[in-house]
Amino acid sequence: GALVYQYPRRTICKSGTSMRMECQAVGFQATSVAWYRQSPQKTFELIALSTVNSAIKYEQNFTQEKFPISHPNLSFSSMTVLNAYLEDRGLYLCGAREWVKAETLYFGSGTRLTVL
Amino acid sequence: GQQVQQSPASLVLQEGENAELQCNFSSTATRLQWFYQHPGGRLVSLFYNPSGTKHTGRLTSTTVTNERRSSLHISSSQTTDSGTYFCAIGANTGKLTFGDGTVLTVKP
């Protein structure tokens, strides 16, 4: 079956430092990867949508300068949170889809970011 | 943009009771998924169901596209069903818009 592994599961960083999270698709080709942030209040925000061989589309309030994303192949994507501050805390989730089927979005377990 | 409203916000049941979760959305959705989020955060896809009715085990999802609503029915609830259920809709852009979720608590 289709699985998405995301790591680390949780991370703590000091204010102003950066951290990187990675997402691995197993059992399917992750043509499209969406990175979301779930706030402590449980609401979801889409950060960006990445499609292999296409430009990464960032949502309003999110920028490449703050959340650079790499999607080099059909099984791997990574995102970095640069200069993390308190407002960046939350659960970061990567969701991947195989474009041909383009139906179900499969999510990893998420990376929970705590900023001190 | 698209809006997704889920109800109820929270639901407490005794084990064995049935649950009915609702999702209403503001515009036509070509994609609709129901997710279950474990207390630890993992998001599991329950159904991809933009129209019609689908069953799996004790779960049933029914989406009436032209009425912009979907429901998730859980029969004979178990304590392990406790968690948060999200409805998410999208178009062909690949973006999903999530509702605020329904927190389900099933007591033994």
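Relevant structure appears above.
Calculation notes
Residue positions are given per chain, counted from 1 along the sequence in the order it is written. For this description, chains carry letters from A and ligands carry numbers from 1, given in the order in which they are written. Predicted model: local features are reported for residues with pLDDT of at least 70 only, side-chain atom pairs are reported and counted for 80 or more only, and whole-chain, interface and lining totals are derived from all residues. Note that water and hydrogens are dropped before the side-chain values are worked out from all heavy atoms of the structure. Two strands pair under a simple rule: DSSP has to find at least two bridges between them. Each helix is a run of DSSP H or I of at least 4 residues and each strand a run of E of at least 2, with the numbering of both proceeding from the N terminus. All axes are obtained by fitting lines to C-alpha atoms, using only the stretch in contact for helices, and the reported angles, taken between N-to-C directions, cover 0 to 180 degrees. When the sulfur atoms of two cysteines come within 2.5 Å, that pair is taken as a disulfide. A 1.4 Å probe rolled over the protein chains alone gives each residue an accessible area, and that area as a share of the maximum for its type sets the label: buried under 20%, exposed over 50%, partly exposed in between. When the centres of two rings from Phe, Tyr and Trp lie within 6.5 Å, Trp using its six-membered ring, the rings pair. Their planes under 30 degrees apart give stacked, over 60 give edge-to-face, and anything left gives tilted.

## Topic: the sheet that holds strand E8 (residues 76-81) of chain A
All names here are of chain A.
Part 1 of the argument: Strand order in the open sheet formed by four strands is E1-E3-E8-E7, with antiparallel pairing between adjacent strands. Only two strands of the sheet have a single neighbouring strand rather than two, namely strand E1 (3-7) and strand E7 (69-73). Taken over all neighbouring pairs, the strand axes of this sheet differ in orientation by 15° on average, direction set aside.
Part 2 of the argument: Pairing analysis gives three bridges linking E7 to E8, with the strands arranged antiparallel. By the bridge assignment, Asn-73 is partnered in E8 with Phe-76.

## Brief notes about the state of the cysteines
Part 1 of the argument: Summed over all chains, the structure comprises two disulfides over all chains.
Part 2 of the argument: A:Cys23 shares a disulfide with A:Cys94; S-S distance 1.9 Å. When the S-S torsion is 75°, as for the bridge of A:Cys23 with A:Cys94, the disulfide is right-handed. One end of the pair, A:Cys23, is in strand E3 (residues 19-26); the other, A:Cys94, is in strand E9 (residues 90-97), with 71 residues separating them in the sequence.
Part 3 of the argument: Here B:Cys23 connects covalently by a disulfide to B:Cys87, the sulfurs 2.0 Å from one another. The sign of the S-S torsion, about -60°, decides the handedness of the disulfide formed by B:Cys23 and B:Cys87: left-handed. Residue B:Cys23 is found in strand E3 (residues 19-25), and its partner B:Cys87 is found in strand E9 (residues 83-90); the two are separated by 64 residues along the sequence.
Part 4 of the argument: The class of B:Cys23 is buried, set by a relative accessible area of 0%.
Part 5 of the argument: Judged by its relative accessible area of 0%, B:Cys87 is buried.
Part 6 of the argument: Left unpaired, A:Cys13 is separated from the closest cysteine sulfur, that of A:Cys94, by 18 Å.

## A few points about the packing of aromatic side chains
Residue and element names in this part refer to chain A.
Part 1 of the argument: What the rule picks out here adds up to 13 aromatic pairs over all chains.
Part 2 of the argument: With a centroid separation of 6.5 Å and 40° between ring planes, the pair formed by Phe-67 and Tyr-92 is classed as tilted. Taken together, the residues span a long stretch of sequence, with Phe-67 in the loop between strand E6 (57-58) and E7 and Tyr-92 in strand E9 at a distance of 25 residues. For the pair shown, Phe-67 and Tyr-92 are each scored as buried.

These results come straight from atomic positions and should not be treated as a statement about function.
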